[in-house]
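Observations on the three-dimensional arrangement
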Amino acid sequence: MRVLYTIGIWFYTLGIRAVALFGHEKARQMVEGWKRWPEQVAKLDQNRHTVWFHAASLGEFEQARPVLEEYRRRHLGHQVLVTFFSPSGYEVRKNYAQADAICYLPMDTPRNVRRFVAAVNPKTVFFVKYEFWYNYLNALRKHNIPTYIFSTIFRPDQYFFKWYGGWFRKHLKTCFKHLFVQNEESLNLLKGVGIEQCSLAGDTRFDRVHQIAEAAESNDVVERFLKGYEGKVLVGGSTWPPDEELLHQIRAKNYELRIILAPHVISEEHLKQIEELFPESVRYSVLNNQSSQNNLDTPKSTLIIDNIGLLSKLYRYADVAYIGGGFGVGIHNILEAVTFGKPVIFGPNYHKFQEARDIIACGGGWSIDGKQDFEASCLDKLMTDPDAYRKASDACRTYMEQNLGSTEKILSTIEV
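Residues numbered from 1 in each chain as written. Predicted model: local features only at pLDDT ≥ 70, side-chain atom pairs only at ≥ 80, totals over all residues. Heavy atoms only, no water.

Considerations on the overall build of the protein
When helices and strands are counted, the protein shows 19 helices and 14 strands. Relative to the compact-globule value of 22 Å for 416 residues, the protein shows a C-alpha radius of gyration of 23 Å, a close match. C-alpha atoms of the protein, sized along the principal axes, occupy 65 × 45 × 40 Å. For the protein, the proportion of its 416 residues judged to be buried stands at 55%. (Helix = DSSP H or I, 4+ residues; strand = E, 2+ residues; numbered from the N terminus. Rg over C-alpha atoms; globule rule 2.2 N^0.38 Å. Buried < 20%, exposed > 50% of the residue type's maximum accessible area, 1.4 Å probe, protein only.)

The following block contains the structure:
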């Protein structure tokens, strides 16, 4: 099975290299990143304790941050390596100040694994959520390096729990010192196949978004956009074209509503598509470049966020948050809005996300299938009924309070 797995990794690597040759930007960044990892790892001091955190992409890295930063606070003499699989993580966080070295993770071939583990010489390793690289795990086990995974979720349809999943289950049982899972279902699935070194720790994203909310400062550009306006504000976060079309239809109904729209993809082509849907819009960058004394020539009802890194702090201005992705592969992060006590609305593809199911159950969120559902089920009620809005907002705050503390549960269990 290991041979077949490794052959699959080789073919996957060849595929990435092939599409990189044809100009695929993310693939090119990955290939270039693989070349540079030795110079990044060389920054580490071999005489110090190295803790290695690996996250697939930006979302998983944000889950890792509370644990990483608290670990670093408690162990000042240790150094931190952060690795990413995806460019969407590395390219955004390659200058993250809390890490001593940051690089792409070399692909999981035996030669890469031997070189990387020998060069890093980690003393403690953390993987986040769904990162199962079996040659790396096997090498870490052979070197007796304590390896943990946290904020992970297991489902019955995963290969671990199929008749052919014995080889994969063996790695969970023998390679991880401890598995910190998000929910009871995951815990029961693991224990049902004989994996006992696991516990319910919840999702570290709750701790992370709480940190963001606590540190959130006012935004002069957004406040200029909202200056003098006393109506309702909807923040659309990480939206895709189907989400934007839906919000356009809602706007056509003439709500007394201002929209702050933060698309998931910030390309010029996509921004122009949004501007065609919302002709009364202004880009954040345009408003930011204007003198603070200047007013807009004509009032604008939609602010398009055309840069990265602002969204999580902008939910504080919302009355209601619409979270994108639910008409595609799955919704994006709802907790960034929920932590501010903002009711959330999202599309139908949410069932793989525990927090989305939870927030619906407690009355702080709604899933919708289209414009009619949007209007009838939730938006009218939230915008016009103060008691309904207060109950939904309180439900969000209570849900957050009940789910904080994952970081402490993890760090109180690990061995350093």
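Overview of the sheet that holds strand E3 (residues 101-104)
The seven strands are arranged E3-E2-E1-E4-E5-E6-E7 in an open sheet whose pairing can be described as parallel. Bordering the open sheet on either side are E3 and strand E7 (198-200), each of which pairs with just one other strand. Between one strand and the next, the sheet's axes are offset by a mean angle of 20 degrees, whatever the strand orientation. Pairing analysis gives four bridges linking strand E2 (residues 79-84) to E3, with the strands arranged parallel. Note on E3: the bridge partner recorded for Phe 84 is Tyr 104. Of the strands in this sheet, strand E5 (147-152), strand E6 (178-181) and E7 touch helix H8 (residues 184-192), which is tilted by about 160 degrees from E7. (Pairing = 2+ DSSP bridges. Axes fitted to C-alpha atoms, helices over the stretch in contact; angles between N-to-C directions. Contact = heavy atoms within 4.5 Å.)

Things to note about the sheet that holds strand E14 (residues 365-367)
Pairing in this open sheet of seven strands is parallel, and the strands run E10-E11-E9-E8-E12-E13-E14 from one edge to the other. With one partner strand each, in any of the chains shown, strand E10 (281-283) and E14 form the two edges of the open sheet. The sheet shows a mean angle of 20 degrees between the axes of neighbouring strands, direction not considered. As paired elements, strand E8 (residues 232-239) and strand E12 (residues 320-323) share four bridges and run parallel to each other. Pairing of Val 235 across the sheet is with Ala 321, part of E12.

Considering the side chain of Arg 65
As for its placement among the helices and strands, Arg 65 is situated in helix H3 (residues 58-74). Exposure remark for Arg 65: the relative accessible area of 14% places this residue in the buried category. Excluding anything up to four places from it in sequence, Arg 65 contacts Arg 93, Tyr 96 and Arg 208.

Digging into helix H11 (residues 241-252)
Helix length check: H11, at twelve residues, gives a terminal C-alpha distance of 16 Å against a target of 16 Å (1.5 Å per residue), a fit within 8%. Of the residues making up H11, those classed as buried are Asp 243, Glu 244, Leu 246, Leu 247, Ile 250 and Arg 251. The arc that holds the buried residues of H11, viewed along the axis, is 160 degrees, so those residues lie on one side. (Expected span 1.5 Å × (residues − 1). Arc of directions from axis to C-beta.)

Let's talk about the pairing of E6
Going residue by residue along E6, you find His 178 and Phe 180 tucked away on one face and Leu 179 and Val 181 tucked away on the opposite face as well. Where E5 and E6 come together, three bridges link them in parallel fashion. Looking at the pairing, Thr 152 lines up with Val 181 of E6. Viewed along the sheet, the connection from E5 through helix H7 (residues 166-175) into E6 turns out right-handed. Judged from the three bridges that link them, E6 and E7 form a sheet pairing that is parallel. For Leu 179, the partnering residue across the bridge sits in E7 and is Cys 198. (Right-handed = clockwise from strand over helix to strand, strands pointing away.)

Quick look at the nonpolar core
Formed by 73 residues in total, the largest nonpolar core has its most connected members in Phe 116 and Phe 154. Tallying contributions element by element places helix H2 (residues 25-41) first for this core, with six residues. Residues in contact with Phe 154, not counting those within four places in the same chain, are Phe 132, Phe 160, Phe 161, Leu 172, Leu 179, Val 181, Glu 185, Ser 186, Leu 189 and Leu 190. In terms of nonpolar packing, the next biggest core, distinct from the first, is built from 40 residues, Val 282, Leu 311, Ala 321 and Phe 346 among them. (Core = buried A, V, L, I, M, F, W, Y, C linked by side-chain atoms within 4.5 Å.)

As for unusual backbone geometry
A positive phi angle is found at Asn 144, which is not glycine, with a value near 55 degrees. Its location among the elements puts Asn 144 in the loop between helix H6 (134-142) and E5. By relative accessible area, Asn 144 is classed as exposed at 68%. For Ser 151, which is not glycine, the phi torsion reads 55 degrees and is therefore positive. Topologically, Ser 151 is positioned in strand E5. Under the relative-accessibility criterion, Ser 151 is labelled buried at 0%.

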